[in-house]
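Residues per chain are reported as follows:
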There are 2 protein chains.
Amino acid sequence: MKRILVDMDGVLADIFPRFFELHEKETGQRLQMRDIEGLVEADAFPNQRKWVSAPGFFRDLPVMQGSHEALKKLNDKFHIIVVSLATEFPNSLTDKQLWIHEHFPFITWQQIVFCGNKNILQADIMIDDHPKNLDIFPGETIMFTQPVNIHISNSRHRRADSWAEIEKILLP
Amino acid sequence: MKRILVDMDGVLADIFPRFFELHEKETGQRLQMRDIEGLVEADAFPNQRKWVSAPGFFRDLPVMQGSHEALKKLNDKFHIIVVSLATEFPNSLTDKQLWIHEHFPFITWQQIVFCGNKNILQADIMIDDHPKNLDIFPGETIMFTQPVNIHISNSRHRRADSWAEIEKILLP
């Protein structure tokens, strides 16, 4: 059974609506997706590190459209590991895990990893939005479209704009 | 640079004094190390799962004798990853990471992994007390002596009774 590393933020958790909301609340400026194209989150939103460091931030994020149904199907055919680079923000850890259990109850605690570098994980396939993770992964890569990667083309990563597209790639 | 997976509970964190203390408080029975030889923690202490599920339990555990100095030296020569099978107890995660940062400040957040199964991690050496982790690790293994492994002999794992012994093995 092939093992898939599935990223959380921006892939399972729809984090950008919350960032836009908080940015508008704190600055009065309503940003659009096109304003932050090509930027990592910390550059797109100057207060992002403060937001994600606070307890509670990750506990009630919206779920990415279609991710629940797709991951449930994939979980029957693959060894799914949900993985988050979360140790940069220690207060996020418990919130993130409780969020996974609430929204993806078929993912067991044995299928969750919180770490500081994904390059120590052995797997066959990676689904992620960050080129920094995808570029160093030796296996098959699926790049989930988000502002940070929108201008990247001609890479070895297969692009998916939605979970429906991920399903088409992995469950043809 | 070789990568070493270093376990937390029973290896960096001296967890047994706390278990004995709580067991005596709740049952009136003062156990000794010899009473729990060969047993996993949950069998040795009937209330163990309740204790470790509670927020705060892992935040103020004593540090294993000699571990700070030894890990600091090893951290200069090896790629150290501190890893804990912590996702079974989501409330433990933030406490565990803050504990690492307090007692081992030279270990960065990039060097920490919380997971549910160590078999997805790529490394050269594993230091652990639990045979369930050591037995499935394909690399070099150092078995840190604790009650759970005290009767195991003739295995492929090198035994270390202390951090001084780990230093002798890895920094000869």
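Residues numbered from 1 in each chain as written. Chains lettered and ligands numbered in written order. Predicted model: local features only at pLDDT ≥ 70, side-chain atom pairs only at ≥ 80, totals over all residues.

What follows covers the overall build of chain A. When helices and strands are counted, chain A shows seven helices and six strands. Going from the N terminus to the C terminus, chain A shows its helices and strands as β-α-α-α-α-β-α-β-β-α-β-β-α. On C-alpha atoms alone, chain A measures out to a radius of gyration of 15 Å, which is about the 16 Å that the 2.2 N^0.38 rule sets for 172 residues. Projected onto its principal axes, the C-alpha coordinates of chain A cover approximately 50 × 35 × 30 Å. For chain A, restricting intrachain contacts to residue pairs at least 6 apart in sequence, the fraction spanning at least 24 positions comes to 66%. (Helix = DSSP H or I, 4+ residues; strand = E, 2+ residues; numbered from the N terminus. Rg over C-alpha atoms; globule rule 2.2 N^0.38 Å. Contact = placed C-beta atoms within 7 Å.)

Relating one copy of the chain to the other takes a rotation about an axis and a shift parallel to that axis. When chain A is brought onto chain B, the operation consists of a screw motion whose angular component is 180 degrees and whose axial shift is 0.0 Å, with 0.0 Å RMSD remaining. A rotation of that kind, with that shift, is consistent with a two-fold axis. When the interface residues of chain A are mapped onto chain B, 100% of them are again interface residues, pointing to one common binding face. (Least-squares fit on C-alpha atoms with pLDDT ≥ 70 in both.)

The next subject is the interface of chain A and chain B. Taken together, the contact between chain A and chain B spans 22 residues of the former and 22 residues of the latter. With four residues, the single largest contributor to the side of chain A that touches chain B is helix α5 (residues 92–103) of chain A. Residue composition of the side of chain A that touches chain B, by class: twelve nonpolar, nine polar and one charged. Direction of pairing for strand β3 (residues 112–114) of chain A relative to strand β3 (residues 112–115) of chain B: antiparallel, over a ladder of two bridges. By the bridge assignment, V113(A) is partnered in β3(B) with C115(B). (Nonpolar A, V, L, I, M, F, W, Y, C, P; charged D, E, K, R; others polar. Pairing = 2+ DSSP bridges.)

Here the focus is helix α1 (residues 16–27) of chain B. Between its terminal C-alpha atoms α1(B) stretches 16 Å, which fits the 16 Å expected from twelve residues at 1.5 Å a residue. Positive backbone phi, approximately 80 degrees, marks G28(B), located one or two places after α1(B). (Expected span 1.5 Å × (residues − 1).)

Turning our attention to the nonpolar core. V6(A), I81(A), V82(A), V6(B), I81(B) and V82(B) are the most contacted members of the largest nonpolar core, which has 88 residues in total. Those residues in contact with V82(B) that sit more than four places away from it in its chain are V6(B), M8(B), L12(B), I100(B), I107(B), Q111(B) and I112(B). (Core = buried A, V, L, I, M, F, W, Y, C linked by C-beta atoms within 7 Å. Buried ≥ 20, exposed ≤ 12 C-beta atoms within 10 Å, placed from the backbone.)

With that settled, the discussion passes to the sheet that holds strand β2 (residues 79–84) of chain B. In spatial order, the strands read β6(A)-β5(A)-β4(A)-β1(A)-β2(A)-β3(A)-β3(B)-β2(B)-β1(B)-β4(B)-β5(B)-β6(B); together these twelve strands make up an open sheet with mixed pairing. On the outer flanks of this sheet lie β6 (158–160) of chain A together with β6 (158–160) of chain B, each paired with one strand and no other. For this sheet the average axis-to-axis angle between neighbouring strands, irrespective of direction, equals 25 degrees. One ladder, built from five bridges, connects strand β1 (residues 3–7) of chain B with β2(B); its direction is parallel. If you follow I4(B) over to β2(B), its bridge partner there is I80(B). Here α5(A) sits on the sheet and contacts β2 (79–84) and β3 of chain A together with β3 of chain B; the angle it forms with β3(A), its principal contact strand, is near 160 degrees. (Axes fitted to C-alpha atoms, helices over the stretch in contact; angles between N-to-C directions.)

Residues and elements named next belong to chain A. Direction vectors running N to C along helix α4 (residues 67–77) and helix α7 (residues 163–170) enclose 20 degrees, while the axes themselves pass 9 Å from each other. Classified by the angle between their axes, α4 and α7 sit roughly parallel to one another. Here the hand of the crossing between α4 and α7 comes out left-handed. Contact with α4, carried on its side by S67, A70, K73 and L74, involves W163, I166, E167 and L170 of α7 and no other residues of that element. (Parallel < 35°, antiparallel > 145°, perpendicular 65-115°, else oblique. Left-handed = near helix turned anticlockwise from the far one by under 90°.)

This part takes up the environment of I169(A). Residues and elements named next belong to chain A. Counting through the fold element by element, I169 comes out in helix α7. A count of 14 C-beta atoms within 10 Å places I169 in the partly exposed class. Taking the C-alpha atoms as reference points, I169 and L93, separated by 76 residues in sequence, lie 30 Å from one another. Residues within four places of I169 in sequence aside, it is in contact with I142, R158 and A160.

Residue and element names in this part refer to chain A. Mapped onto the fold, V52 is located in helix α3 (residues 48–53). What makes V52 buried here is the crowd of 21 C-beta atoms within 10 Å. Residues V52 and P138, 86 residues apart in the sequence, show an inter-C-alpha distance of 29 Å. Once residues within four sequence positions are removed from consideration, V52 is found in contact with F57, F89 and S92.

Attention now goes to the environment of S92(B). All names here are of chain B. Relative to the elements of secondary structure, S92 occurs in helix α5 (residues 92–103). According to the C-beta neighbour criterion, S92 is buried, with 27 such atoms within 10 Å. Through-space distance from the C-alpha of S92 to that of D124 is 27 Å; in sequence the pair is 32 residues apart.

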